[in-house]
Amino acid sequence: MKRISKLLTMAILSGFFLNSCSSDDDVVDPEIEQPESTYADGLFVLNEGGFGNNNSSISYIDNDFSDLESDIFSTVNGSSLGDTGQSLTFDDNYAYIVMNVSNIVQIVDRYTFEHIHTIEEGLSNPRYLTLVDEKIYVTNWGDASNDTDDYIAIYNASTYESTGTISVGEGPEKIINDNNKLYVALQGGYNYNDKIVIIDPISNIVEVSIEIGDAPNSIEISDGFLWVMSGGVPGYAQGVGETAGSISKIDLSNNEITEELIFPNTTDHPSNFEIEDDTIYYTLNGSVYSMEESATELPEESLFTFTDITSFYGFEIEDGYLYTGDAGDYSSNGVVRIYNFEGEIISQFDSGGVSPNGFYFND
């Protein structure tokens with residue numbers, strides 16, 4: 001499981017859904033003709049593995065769910081992927097796999113999975129990654145004993161050389177780019193934070209800091225607005241008062257919050273925020289909810305509850321289906337279940353690795 005707050009145990013982390021899938025920025029479908037290759041037109045499952053066990057892996061599933069290949073990185077390259085797979089990001093040709101405990105980024109050809117390069121320099125508890133203007137940006141939590149050393153590492157996307165860092169507040173987590181701006185959720189890392197920062201990738205300077213709800217865990221951009229889901233602070237966080245989650249809508253023309261929907265109970269800690277076809281989806285207490293982007297109130301009823309899942313880990317929505325990762329006992333292979341919006345299981349299979357935490361579509 002992933003490293004988390006001084007205030008929380010790793011068992012608490014799994015319940016807080018910090019292992020949700022990457023945002024749509026991390027699941028890019030490039031508008032280019034795809035080459036004929038081994039791993040085109042299918043689904044990658046990132047299996048996080050056990051913390052400190054060096055058993056992370058990636059499984060590949062073809063589009064009709066009839067064939068699953070486990071641990072394709074090791075199969076293709078003859079070496080292990082690393083320890084604690086955190087996230088995966090595509091560009092047109094490559095996949096960038098952030099390994100949290102190994103403190104590396106593995107770069108592979110996204111269609112053959114042949115190893116291209118390993119970034120090893122300048123990473124300390126890396127989390128998520130994005131690319132803009134021939135630069136790679138990686139969020140880092142830094143050292144657990146120091147709450148002022150969190151930063152974003154910058155690399156040249158051609159040479160992979162380190163070109164600098166950007167100091168930010170504690171716990172930079174999800175990072176996305178849009179219209180030549182970087183948007184970073186400061187979730188808190190080893191503590192709790194409540195901000196979104198906007199960075200100019202030309203100057204690499206933080207231009208704007210926006211205070212939102214506690215522990216932002218998801219960010220999406222849609223039609224000129226930045227959407228942020230904040231999970232809030234759980235009651236079992238030692239020494240911290242419990243706060244409810246919220247959904248914030250920020251107008252990117254002026255960086256002002258135009259809508260803030262706060263969940264009614266301090267025990268409400270939502271996660272897994274997704275936007276698909278102008279509809280917002282999120283999970284809360286083992287159920288999935290939906291609402292229109294124009295909504296001014298939170299939905300009272302869920303679409304359905306995931307009754308089959310033992311340990312909810314990964315989540316994604318794609319082409320009208322909901323993909324979930326069940327970590328089970330966190331030591332055996334997990335289970336992938338694919339649902340329709342009526343809650344019916346369309347397909348179910350072994351994830352091919354421990355703790356499936358992310359789904360990435362290589363279309």
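Being a predicted model, the structure only gives us computed values, none of them experimental. (Residues numbered from 1 in each chain as written. Predicted model: local features only at pLDDT ≥ 70, side-chain atom pairs only at ≥ 80, totals over all residues. Heavy atoms only, no water.)

**Some points on the pairing of strand β24 (residues 312-318)**
For step 1, the next point in the chain: Summarising burial for β24: 7 of the 7 residues are buried, a large majority.
For step 2, the next point in the chain: Hairpin geometry of β24 and strand β25 (residues 321-326) is characterised by an intervening segment of 2 residues between the two adjacent antiparallel strands and by a positive phi of about 50 degrees at D319. (Buried < 20%, exposed > 50% of the residue type's maximum accessible area, 1.4 Å probe, protein only. Helix = DSSP H or I, 4+ residues; strand = E, 2+ residues; numbered from the N terminus. Pairing = 2+ DSSP bridges.)

**Let's talk about the sheet that holds strand β1 (residues 42-47)**
For step 1, the next point in the chain: Judged by pairing direction, the sheet is antiparallel, and its 4 strands sit side by side in the order β3-β2-β1-β28 without closing on themselves. The sheet is open, and its two borders are formed by β3 (68-69) and β28 (356-361), each paired with just one other strand.

**Here's the deal with the pattern of salt bridges**
For step 1, the next point in the chain: One pass over the full model with this rule turns up 4 salt bridges.
For step 2, the next point in the chain: The partner of K195 in a salt bridge is D194, with the nearest N and O atoms 3.0 Å apart.
For step 3, the next point in the chain: The exposure class of D194 is buried, given its relative accessible area of 15%. (Salt bridge = Lys/Arg side-chain N within 4 Å of Asp/Glu carboxyl O.)

**Describing the pairing of strand β9 (residues 135-140)**
For step 1, the next point in the chain: Counting buried positions along β9 yields 5 of 6 residues, so the element is predominantly enclosed.
For step 2, the next point in the chain: Examined bridge by bridge, strand β8 (residues 126-132) and β9 share 5 bridges and lie antiparallel to one another. Across the sheet, the residue bridging to V132 is K135, located in β9.
For step 3, the next point in the chain: Between β8 and the antiparallel strand that follows it, β9, lie 2 residues; D133 among them carries a positive phi value of about 50 degrees.
For step 4, the next point in the chain: Pairing of β9 with strand β10 (residues 151-156), which is carried by 6 bridges, proceeds in the antiparallel orientation. Paired with N140 across the bridge in β10 is Y151.

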